[in-house]
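Observations on chain architecture
Here's the letter readout for the chains.
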Amino acid sequence: KQWYQRRVAITAGGKTRIPQPAIDSIFKNKIGLKGPMRTAIGKGHVSLNLTIRRTFGLYANVRPAKTVPGVKTPYSEEGVDCVIMRENTEGEYSGIEHTVVPGVVQSVKLITRVASRNVAEYAFKYAVDNGRSNIVALHKANIMKMSDGTFLEECRAVAEQFPQIKYREMYLDSACLKIVKDPSQFDVMLMPNLYGDIFSDLTAGLIGGLGLAPSGNMGKDGIAIYEAVHGTADDLTATNKGNPTALLMSGLMMLRHLELTSYADKIEKAILETLTERKFVTGDIGGSATNPQYTAEICRKIRASS
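All of the points below concern the structure found in this document.

What counts and how
Along each chain, the written sequence defines residue order, and numbers are assigned to residues from 1. Reporting of local features is limited, given that this is a predicted model, to residues whose pLDDT is at least 70; pairs of side-chain atoms are given and counted only at 80 or more, and all residues count toward the totals for whole chains, interfaces and linings. In computing side-chain values, all of the structure's heavy atoms are included and hydrogens and water are not. Secondary structure elements are defined from DSSP: runs of H or I of at least 4 residues count as helices, runs of E of at least 2 residues count as strands, and each element is numbered from the N terminus. In this treatment the radius of gyration is a C-alpha quantity, and the globule benchmark scales as 2.2 Å times the residue count to the 0.38 power. Between buried and exposed lies partly exposed: a residue is buried under 20% and exposed over 50% of the maximum accessible area for its type, with that area taken using a 1.4 Å probe on protein chains only. The criterion is simple. A nonpolar core is a set of buried Ala, Val, Leu, Ile, Met, Phe, Trp, Tyr and Cys residues joined through side-chain atoms within 4.5 Å. Only heavy atoms enter the contact rule, under which two residues are in contact if any of them lie within 4.5 Å. Whether two aromatic rings pair depends on their centres lying within 6.5 Å, for rings of Phe, Tyr and Trp, where Trp uses its six-membered ring; planes under 30 degrees apart make the pair stacked, over 60 edge-to-face, and the rest tilted. Distance and angle both matter: a charge sits over a ring if NZ of Lys or CZ of Arg is within 6 Å of the ring centre and within 35 degrees of the ring normal.

Let us look at the overall build of the chain. Of the regular secondary structure elements, the chain holds 10 helices and 12 strands. A compact globule built from 306 residues should have a C-alpha radius of gyration of about 19 Å, and the chain, at 20 Å, falls within 12% of that. Its C-alpha atoms give the chain principal-axis dimensions of roughly 60 × 50 × 40 Å. Burial statistics for the chain: of 306 residues in total, 44% are counted as buried.

With that settled, consider the nonpolar core. Grouped together as the largest cluster of nonpolar side chains are 33 residues, with contacts concentrated most on Leu 138, Met 189 and Phe 199. Leu 138 has contacts with Met 170, Leu 172, Ala 175, Met 189, Leu 190, Met 191, Pro 192, Tyr 195 and Phe 199, leaving out every residue within four places of it along the chain. Core analysis: the second largest hydrophobic core is formed by 30 residues, Ile 31, Ala 60, Cys 155 and Phe 162 among them.

This paragraph deals with the packing of aromatic side chains. Taken as a whole and judged by the stated rule, the model has 4 aromatic pairs. Among the aromatic residues, ring-to-ring pairing joins Phe 124, Phe 162 and Tyr 167 into one connected group. Taking the ring centre of Tyr 171 as reference, the NZ or CZ of Lys 140 above it sits at 5.5 Å. Over the aromatic face of Phe 186 sits the side chain of Arg 168, whose NZ or CZ is 5.6 Å from the ring centroid.

Structure below.
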């Protein structure tokens, strides 16, 4: 396999955009491993992450949360093993905002049947393909009856096509309480965009933090782009203290998507051994190693096993 590096953001005329070579490369190769991207806060700056998701039709964001050996948390003994399935293109993140009158701003939550059905179908197919037995749709349809109600209607319609998967629904706030008390009662959790973004930070906390949380963005025509859940973490990057595990595990997801399973298994073994030994782990998970020291140890183990 040949790998290409492309810049996914350039700034011109005070605006940041995705350069055409990056767009062409993704459409051609249908795969990508992306680093964190920052969107400036303020008027006129469109989220680059949202732009990428819309450009490539990445309607499903898959965010697994699984206990990592060697990383101790209050849930280490019982173990956590769940997957967030987040709609990725609309909802509150549609970027539709305007001023009604001075001092009053309105933000539109956009929910469509097409996008809701797309992510629901992907979630149920994912559950079947990965041996998952139940899906819970998280919502606030008691308040947002039309928007979240539409999302649930599409989830129910898809659920009827998969009788082997147990389907249920739960209020988002109730799910936040229940998963902290007992993560084992959750398997695949299906939800609109904003809820998934927030809830996946909660599940990352259950396994040790955002430094351990990978994700994949799945889209039409087989396009898939993988990335860490976390943001740019400039303070950690400047001091070489950032934990690269989330991005490494996102790479493992990508390799398995490409059916390069043996490579993924070898890299994963080296990562887990390094975490379990705890000689070279970063500060967020109780160690003192720098990013280069941690990755050098992983690379050493990979070379030793070859």
